[in-house]
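# A closer look at the structure
Spelled out, the chains give:
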Amino acid sequence: MSFLNSKSARAGLLYIALCALAFAWTQREQLGLITDGRDATIRELMRDPAPADVLFLGSSATARGVIPAEFEERARELSGQPWRALNLAPFGAGRHIGFLELERWLEAHAPPRAVVVEVGVTSDLVGYMHQMLPRFMDASDCVRVVRERPHRFRDAREMSRRLRSPVRFDPWGAFAALDRVAMHLELALEVLGRGPEDLVRAAFNFACNGGESLYYKPDDSTLRSTVQAQVAERGYCRIGPESPEGLAGKQLVLGRAAKTPYEEAVALAWNPDSADEFADESISRAARLYARQMRRLAERHGMRLCFLELPNFRGRPLSPAQVAFYRELGELLEPDKAVLYREESFQDLGHLSVEGATHLSRFVAERLTARD
Amino acid sequence: MSFNSTEFVFFFLAAFYGYWLLSRWRAARLGWLLAGSCLFYMSWNAKFIALIAFSSVLDWVCGARIAASDSPRARKAWLALSLAGNLGLLGFFKYFNFFAENVAAACSRLGLETLAEFTPWEIVLPAGISFYTFQTLSYTIDIYRGELRPARSFLDFALFVSFFPQLVAGPIVRAADFLPQLDERPRFDDARVSGGVFLMLCGLAKKVLLADTIGLELVDPVFDAPLEHGAVGVLLGVWAALFQFYLDFSAYSDIAIGAAACLGFTLPQNFDRPFLAQSISEFWRRWHISLSTWFRDYVFVPLGGRGGGQLAFFRKLMLTMFLTGLWHGAGWNYVLWGLMHGVFTFVGVAWGKQRTKTELAARPVWERAARRVWVFQLVALSMLFFRNGTVAEGNRGIEGALEMLQVLATHWSSAANLSSLGLAALAAAALIHFTPREWIHVRGAGVWRGAPAFAQACVLVGATGVLAALSYAKAPFIYFQF
């Protein structure tokens, strides 16, 4: 029997095709087949060939905490020249995505004057995420990562496995090179398995949560249509204070405000024993790694690198270790807590309201123009 | 790249299609498999491929020199070089710290304080070293005995050593069984490939659905904190550990045998429903068969086998089982486990009436059942010592086993506090184990073979999804650490 005419060979090819289809279906947002509104907006911004003066990178705290139009207006007032600022922070992403975005931006655009990178809970504590692919910009990123630097996108478990047996005897870097080849191959092989895995996870979630929490189900507030309508109306997108998410978030803000009085929060000094977001470790390995990578890019391209603190509502201040680390790599911008810790400045515990975001955007403009 | 990962699934597909597309060109197809095997191994730790290369070259040269030499002295010298090279590597990577720690402890007791201080070296155990070392050893020993001709080419020999389905955790293949398969031009047999895929699916289900669940839900909690589970919990936990080991290891063997079958190779069976054994010696004819026959053929028989009276038999048996225990790990708990099996076997053989399979089958049902239960309990008792040494973190060795024995003796009134999911998985495992083999492996495989290609592909997609979703933690196969 000819191998290619056999049922097993056909079943194998069908299996690969079905895995590819499952991958395309479950990752359809990430592949650009349908999109989360925020990611779609970022993609459009990245595709625009016009240069930018300032790029904002981070997580949803930055996405909702910085209003480029406010920044531009204030910077123009102060410097007398036009500024173009882009907020490229997607929702739910760690610093690695910011690094990837910056690399891609620099490939197709002139370097900006400044890059402002978020410092905060998500950016500092979220390490290598299990779900890496969902945050890639498009399918070419998958190929790109497989080709160039898969080791940066493996999860923490994988990293620790690699680090357990450091190569001591490595003539001409041969073993490290071999290790890299094997790792590239592994990641490439893993990609197609993501489709079936996500289908099964979706089914489990559906069964367990009665359809309430489908895997990768786009949230109404982040649907492309919602985001586009908000951008058209206000120039920026955000969860509205009147929406269910907005109202729930505000309740949390009020709850914490009752527990932590304003004066106490503003005066709060770093205390390593208090239990809070930074209790265990102030900066994850991944966050350090990508901050340093950004520093290298900034040096190579002559960009100003700033780290912007985005605090949680009346949360813990930056630790001395964080402050020292970021000051070593660039400028650390610490906004005035006396303004940000007011109840009206936050929409929920981790995200600023329009008032808070306006204040923060203008603050950054003042700091950047002051030394530009 | 473990068998229970999606990387392996797609790696295997690439190996499978490449191999059959190149099947008409011998060097190309074998080279393809060798390259794939190297990549497979390198995914654990690239630098240790150098060890396999060293071992392969050493035994290839030694084998050729032994075969070419007429002088018994020269032949012996080449064999000694092969043994020293292979066992030296194994000894250093697996036993150096164990040996040095024990020497240091002995010196401490003797008051030699300067020799008593020893800080363990940071030695990483290369995956599969115990398995491929035994394979290469059997090659040179068989040539020395005149039972095998050297491999036709280094490519053949290197592939024999590193063939990816069995490289990391067996079955331990003999050159006499494997090398002739390389000479024949493979003929694609659709039914055989379907059977291989089915076996792989069975293996994955055993590992991901049963072994990992039993391990996570029953075995780990009980062995971590036996006092919290009382005697009933410990008893069930030990039974569960025995099933977990069986399922985990036999799953690996199933996947290895299935993967090899898809590539047109036959690997030896490694498990044959071991809990049906009616004696400890029968248990070893059903459990890790490739290892037990290796020790039988290369240790026990050369020592004289059954001949020489009861005492001599006891001595040879205990030495063989001591080495079997030590092969599993550098720890006294493994040694004790091996010796316990030696004693159980000796008692059974020396004082029990030896019965043939037919005689045993003719015994009343209750007697067969009682024998099986008894053998299972003996093996479970030894598992107390074995399992307490295999937990990388919190390894409590013999001390842990003794604590569990104490709980078994004194805590019968405590509640078991065991997970119902774990108990359900244990019950399912027991049910499957005692299900007649042909129901699953013959009828099940028949249904699978008869299914249309599209249905097979859909099942495989579903299985991949379950595999990936459930094995996110990717619990490694237990026998990787041996």
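Criteria and cut-off values
- Residues numbered from 1 in each chain as written.
- Chains lettered and ligands numbered in written order.
- Predicted model: local features only at pLDDT ≥ 70, side-chain atom pairs only at ≥ 80, totals over all residues.
- Heavy atoms only, no water.
- Helix = DSSP H or I, 4+ residues; strand = E, 2+ residues; numbered from the N terminus.
- Contact = heavy atoms within 4.5 Å.
- Areas by Shrake-Rupley, 256 points an atom, 1.4 Å probe, with all protein chains shown as cover.
- Buried < 20%, exposed > 50% of the residue type's maximum accessible area, 1.4 Å probe, protein only.
- Patch = residues over 30% accessible without salt bridge, like charges linked within 9 Å, V, L, I, M, F, W, Y side chains within 5 Å.
- Salt bridge = Lys/Arg side-chain N within 4 Å of Asp/Glu carboxyl O.
- Pairing = 2+ DSSP bridges.
- pLDDT = per-residue confidence, 0-100.
- Axes fitted to C-alpha atoms, helices over the stretch in contact; angles between N-to-C directions.
- Parallel < 35°, antiparallel > 145°, perpendicular 65-115°, else oblique.
- Left-handed = near helix turned anticlockwise from the far one by under 90°.
- Nonpolar A, V, L, I, M, F, W, Y, C, P; charged D, E, K, R; others polar.
- Core = buried A, V, L, I, M, F, W, Y, C linked by side-chain atoms within 4.5 Å.
- Domains from an automatic or database assignment.

The helix and strand tally for chain B stands at 21 helices and 0 strands. In chain B, once contacts between residues fewer than 6 apart in sequence are set aside, the share between residues at least 24 apart is 76%. Summed over all atoms, the accessible surface of chain B reaches about 20200 Å², with 65% contributed by carbon and sulfur.

Attention now moves to the overall build of chain A. Tallying secondary structure elements over chain A gives 17 helices and 7 strands in all. Per-residue burial for chain A yields a buried fraction of 54% across its 372 residues. In chain A, of all internal contacts separated by at least 6 residues, the share reaching a separation of at least 24 is 81%. Within the structure as shown, chain A displays about 16500 Å² of accessible surface, and the carbon and sulfur contribution to it stands at 56%.

Right, let's talk about a nonpolar patch on the surface for a bit. Residue and element names in this part refer to chain B. On the surface, Trp332, Leu336, Ile398 and Leu402 cluster together into a nonpolar patch covering about 340 Å² of accessible area. Contributing elements (two or more residues each) for the nonpolar patch: helix 15 (332-351) and helix 18 (397-410). By the secondary structure assignment, Leu336 is in helix 15.

So, about the pattern of salt bridges. Residue and element names in this part refer to chain B. Within this structure, the stated rule accounts for 23 salt bridges over all chains. With its nearest N and O atoms 4.0 Å apart, the salt bridge here joins Arg286 to Asp272. Taken together, the residues span a long stretch of sequence, with Arg286 in helix 12 (residues 280-286) and Asp272 in the loop between helix 11 (230-262) and helix 12 at a distance of 14 residues. With relative accessibility at 12%, the residue Arg286 sits in the buried group. With a shortest N-O distance of 2.9 Å, Arg286 and Glu282 are connected by a salt bridge. Of this pair, Arg286 and Glu282 both sit in helix 12, 4 residues apart, which is roughly one turn of the helix.

Residues and elements named next belong to chain A. In terms of burial, strand 4 (residues 304-309) is a largely internal element, 6 of the 6 residues being buried. Taking every second residue as pointing to the same face, both faces of strand 4 are buried, with Arg304, Cys306 and Leu308 on one and Leu305, Phe307 and Glu309 on the other. Examined bridge by bridge, strand 3 (residues 114-119) and strand 4 share 6 bridges and lie parallel to one another. Following the sheet pairing, Val119 is matched in strand 4 by Glu309. Where strand 4 meets strand 5 (residues 331-333), 3 bridges bridge the pair, whose relative direction is parallel.

The next thing to look at is the confidence of the model for chain B. On average, residues of chain B score 85 in pLDDT, and 93% of them are at 70 or above. Considering each helix and strand of chain B separately, the mean pLDDT is smallest for helix 5 (residues 113-116) of chain B, with a value of 70, and largest for helix 7 (residues 154-162) of chain B, with 93.

Let us look at the environment of Thr358(A). All names here are of chain A. Here Thr358 shows up in helix 17 (residues 354-371). Considering only alpha carbons, one finds Thr358 and Phe71, 287 residues apart in sequence, at a separation of 8.0 Å. Those residues in contact with Thr358 that sit more than four places away from it in its chain are Ile67 and Glu70.

Strand pairs in the sheet, formed through backbone hydrogen bonds, run parallel or antiparallel to each other. Residue and element names in this part refer to chain A. In space, the 5 strands of this open sheet follow the order 2-1-3-4-5, with parallel pairing throughout. Looking at which strands have only one partner, the edges of the open sheet turn out to be strand 2 (85-87) and strand 5. On average, each strand axis in the sheet is inclined to that of its neighbour by 25°, with strand direction left out of account. Pairing of strand 1 (residues 54-57) with strand 2, which is carried by 3 bridges, proceeds in the parallel orientation. Bridge pairing links Val54 to Ala85 in strand 2. Strands in contact with helix 4 (residues 68-79) are strand 1 and strand 2; relative to strand 2, the strand with the most contacts, it is inclined by about 160°.

Spacing of three or four residues puts side chains on the same side of an α-helix, whose turn is 3.6 residues. Residues and elements named next belong to chain B. Burial of helix 7 is extensive: 7 of the 9 residues sit out of reach of the surface. Along helix 7, the positions that sit buried rather than exposed are Asp156, Phe157, Ala158, Leu159, Phe160, Val161 and Ser162. Buried residues in helix 7 make contact with helix 2 (26-42), helix 3 (49-68), helix 6 (129-144), helix 8 (164-167) and helix 9 (175-183).

Let us now look at the packing of helix 14 (residues 309-328) of chain B against helix 15 of chain B. All names here are of chain B. As a packed pair, helix 14 and helix 15 sit with axes 7 Å apart at the nearest point and diverge in direction by 150°. In terms of their interaxial angle, helix 14 and helix 15 are classed as roughly antiparallel. Considering only the axes of helix 14 and helix 15, their crossing is right-handed. Note on element contacts: helix 15 touches helix 14 through Tyr334, Val335, Trp337, Gly338, Leu339, His341, Gly342, Val343, Thr345, Phe346, Val349 and Ala350, opposite Gln310, Phe313, Phe314, Leu317, Met318, Met321, Phe322, Thr324, Gly325, Leu326 and His328. Residues belonging to the contact of helix 14 with helix 15 are distributed by class as follows: 15 nonpolar, 8 polar and no charged.

Residue and element names in this part refer to chain B. The N-to-C vectors of helix 3 and helix 6 enclose an angle of 10°; their axes lie 8 Å apart at closest approach. For the element pair helix 3 / helix 6, the angle class is roughly parallel. Residues Leu51, Ile52, Ser55, Asp59, Trp60, Cys62, Gly63, Ile66 and Ala67 of helix 3 lie in contact with helix 6, whose contacting residues are Ile129, Tyr132, Thr136, Tyr139, Thr140, Ile143 and Tyr144. For the contact of helix 3 with helix 6, the residue count by class is 11 nonpolar, 4 polar and 1 charged.

What follows covers the side chain of Ser56(B). All names here are of chain B. Within the element layout of this structure, Ser56 appears in helix 3. The exposure class of Ser56 is buried, given its relative accessible area of 3%. Leave out the neighbours within four places in its chain, and Ser56 touches Phe154, Phe157 and Val161.

Now for the nonpolar core. Core analysis: the largest hydrophobic core is formed by 150 residues, its most contacted members being Phe8(B) and Phe16(B). Of all the elements, helix 11 of chain B adds the most residues to this core, at 18 residues. If you count residues domain by domain, this core takes at least three from each of domain 1 (6-187) and domain 2 (192-470) of chain B. Membership of the second largest hydrophobic core comes to 30 residues, among which are Leu55(A), Leu86(A), Phe99(A) and Leu305(A).

Here we take up the pairing of strand 3 of chain A. All names here are of chain A. The buried fraction of strand 3 is high, at 6 of 6 residues. Bridge count between strand 1 and strand 3: 4 bridges; the pairing is parallel. Across the sheet, residue Leu55 finds its bridge partner in strand 3, namely Val115.

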